[in-house]
Amino acid sequence: MSPMECHPLLDHLARPALETWEGYRAAGGGKAFERAVRHSTPEAVRADIQASGLKGRGGSAFPTGEKMEAVARASGFPRYVVMNGEEGGPGGFKDRFLLEGSPYLILEGLLLAGYASGATQGLCVVRRSAPEAQRRLRQAVEGLRAAGWLGANILGTGFTFEVSVEIGAGVFCCGEETALLESVQGRRGYPRPRPPYPSEKGFRDCPTLVVNVETLANLPLIIDRGPEWFRSIGRADDPGTRLWGVSGHVRKPGVYEAPIGTPLAEVLAQAGGPREGERLAAVLPGGAVSAFLPAEALETPLAADTLAAHGGCLGSGAIIAFSDRCCFVQVAQRLAAFFEQESCGKCTPCREGTKKLREVLESVSSARRKNGGEPRRGVGREVPPPRPGELLPLLIETLARSSACGLGRAAGTAIGSALRLFPEEFAAHFQRHECPKRICWS
């Protein structure tokens with residue numbers, strides 16, 4: 001099967017009436033959990049997940065089977081499974097697409113995760129800005145309960161599991177699992193120091209398995225079709241497919257699916273390629289936390305190691321394309337403003353560093369305004385422009401080395417790569433107060 005033909009999740013989502021229990025069952029849904037809970041054991045389910053090689057689809061790419069095993073071995077009770085639907089950031093929408101398209105698939109994955117890890121309670125945390133996903137998930141929870149698939153002694157097997165739908169804080173930093181757990185307990189979404197890990201001390205200080213939406217969607221497919229099927233797709237060290245939310249300057253923005261290791265150019269081709277009359281100048285393959293890949297690197301396989309060689313990452317599956325008509329200084333300004341806004345403020349390097357990063361990038365605009373719309377030449381300039389080759393890299397390095405969590409450490413990644421890829425644009429803005437693309441100033 002070629003990479004372009006392998007899209008099990010999208011094939012499932014193409015089935016009709018998946019938002020109803022009857023439609024989901026008609027599409028073959030529920031078979032995996034029913035077989036597992038009636039004819040298998042939690043140990044066997046965990047073994048299948050471990051054998052599949054499934055890794056988290058939310059950004060960390062940690063082996064899902066290992067997380068399940070850690071929760072199952074933990075000594076505390078009760079145990080929880082938390083669905084991480086706190087999807088945010090520029091270009092992040094593939095989890096919402098799954099929740100709206102097949103809520104029962106996600107809930108079946110939650111039931112399997114609970115059975116495998118010995119949990120009795122599931123919490124579905126959905127981003128505040130996704131009301132339709134919240135509505136459909138709540139309806140699906142009630143549909144499961146009416147069918148006898150929630151509560152005590154499910155299907156007469158002795159397995160007990162309950163599910164609630166919670167509204168997330170709606171901030172980017174709460175995509176990190178410990179910050180998510182803090183926010184869902186009514187506290188500020190500050191990341192916790194680790195260890196202890198959530199598998200030992202998570203929700204209400206009990207063992208907790210935190211799983212991304214897309215990761216849960218893969219569990220019923222693996223249990224139904226077998227770990228060997230899953231391992232036959234993608235790469236040996238990172239099997240399976242991933243959903244990619246493609247946005248930006250492409251003809252057909254949307255959600256696409258391809259095996260891990262598929263060249264970035266092939267996924268962009270599925271999205272129709274660049275818009276008419278434009279060419280792609282650079283792409284963020286993993287959203288705002290990734291480095292830019294230049295146009296000449298678009299054949300790079302979408303895999304953790306190959307992207308890391310360019311400073312990029314898979315992230316949460318957000319691919320953002322930028323055409324040659326973009327001003328990358330303006331793009332950098334908006335990225336810096338985003339990270340300043342989304343910083344939780346817990347640690348000084350991130351709280352102050354993201355603010356300073358934005359100020360330095362925007363200072364070129366304020367300098368032009370103070371100089372009456374034109375740069376002043378010679379001695380006595382009121383606002384000497386920061387030199388991007390000196391100040392910005394120092395700020396970015398400080399953020400990366402000293403921030404407490406991944407948000408601060410990644411806040412300057414895309415900006416630093418833009419500085420390296422488009423030095424002439426930055427030099428024109430900071431030294432001559434000119435925009436070569438005539439976007440910032442005409």
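These figures come from a predicted structure and were not determined experimentally.

Reading the values: the criteria
Residues numbered from 1 in each chain as written. Predicted model: local features only at pLDDT ≥ 70, side-chain atom pairs only at ≥ 80, totals over all residues. Heavy atoms only, no water. Helix = DSSP H or I, 4+ residues; strand = E, 2+ residues; numbered from the N terminus. Rg over C-alpha atoms; globule rule 2.2 N^0.38 Å. Buried < 20%, exposed > 50% of the residue type's maximum accessible area, 1.4 Å probe, protein only. Areas by Shrake-Rupley, 256 points an atom, 1.4 Å probe, with all protein chains shown as cover. Lys, Arg positive; Asp, Glu negative; His and termini not counted. Charge placed at Lys NZ, Arg CZ, Asp CG, Glu CD. Phe/Tyr/Trp six-rings, centres within 6.5 Å; stacked < 30°, edge-to-face > 60°. Contact = heavy atoms within 4.5 Å. Domains from an automatic or database assignment. Buried area = accessible area lost by both parts, 1.4 Å probe. Salt bridge = Lys/Arg side-chain N within 4 Å of Asp/Glu carboxyl O. Polar contact = N/O pair within 3.5 Å; in protein donor to acceptor, adjacent residues only side chain to side chain. Nonpolar A, V, L, I, M, F, W, Y, C, P; charged D, E, K, R; others polar.

Q: So, the overall build of the protein: which residues are in play, and what are the values?
A: Within the protein, the regular secondary structure consists of 19 helices and twelve strands. Its C-alpha radius of gyration of 23 Å places the protein within 12% of the 22 Å reference for a compact globule of 442 residues. Principal axes of the C-alpha set define a box for the protein whose edges measure 85 × 45 × 35 Å. Counting across all 442 residues of the protein, residues that qualify as buried make up 56%. Roughly 18000 Å² of accessible area belongs to the protein as shown, and the carbon and sulfur atoms make up 51% of that amount. Of the side chains in the protein, 53 bear a positive and 48 a negative charge, and the two mean positions are spaced by 5 Å.

Q: Kindly report on the packing of aromatic side chains, identifying the contributing residues and their values.
A: The final tally for this structure, using the stated rule, is 17 aromatic pairs. On the numbers, 5.4 Å between centres and 45° between planes, the contact of Phe33 with Trp149 is tilted. Placement of Phe33 in helix H3 (residues 31-39) and of Trp149 in the loop between helix H8 (131-146) and strand E3 (151-154) is noted, with a sequence separation of 116 residues between them. Judged by relative accessible area, Phe33 falls into the buried class, the value being 0%. When its relative accessible area of 4% is taken as the criterion, Trp149 is described as buried. Ring geometry for Trp229 against Phe230: centres 6.1 Å apart, planes inclined by 55°, an arrangement best described as tilted. Exposure remark for Trp229: the relative accessible area of 22% places this residue in the partly exposed category. For Phe230, a relative accessible area of 1% puts it in the buried group.

Q: Which residues make up the environment of Leu268, and what values do they have?
A: In this fold, Leu268 is placed in helix H12 (residues 264-270). The buried category is assigned to Leu268, whose relative accessible area is 3%. For the pair formed by Leu268 and Val246, sequence separation is 22 residues and the distance between their alpha carbons is 7.5 Å. In contact with Leu268, not counting residues within four places along its chain, are Val246, Val250, Gly273, Leu280, Val283, Leu298, Ile319 and Ala321.

Q: An account of the domain arrangement of the protein is needed here, citing residue identities and associated values.
A: By domain assignment, the protein separates into domain 1 (3-232), domain 2 (238-323) and domain 3 (328-432). Taking only C-alpha atoms, the centre of domain 1 and the centre of domain 3 are 39 Å apart. Where domain 1 abuts domain 3, roughly 800 Å² becomes buried across the two surfaces, and 75% of that area is made up of carbon and sulfur atoms. On the surface where domain 1 and domain 3 come into contact, there are zero salt bridges. Between the two partners, domain 1 and domain 3, sit two residue pairs in polar contact (both at pLDDT 80 or more). Taken together, the residues that form the side of domain 1 that touches domain 3 break down as seven nonpolar, two polar and one charged.

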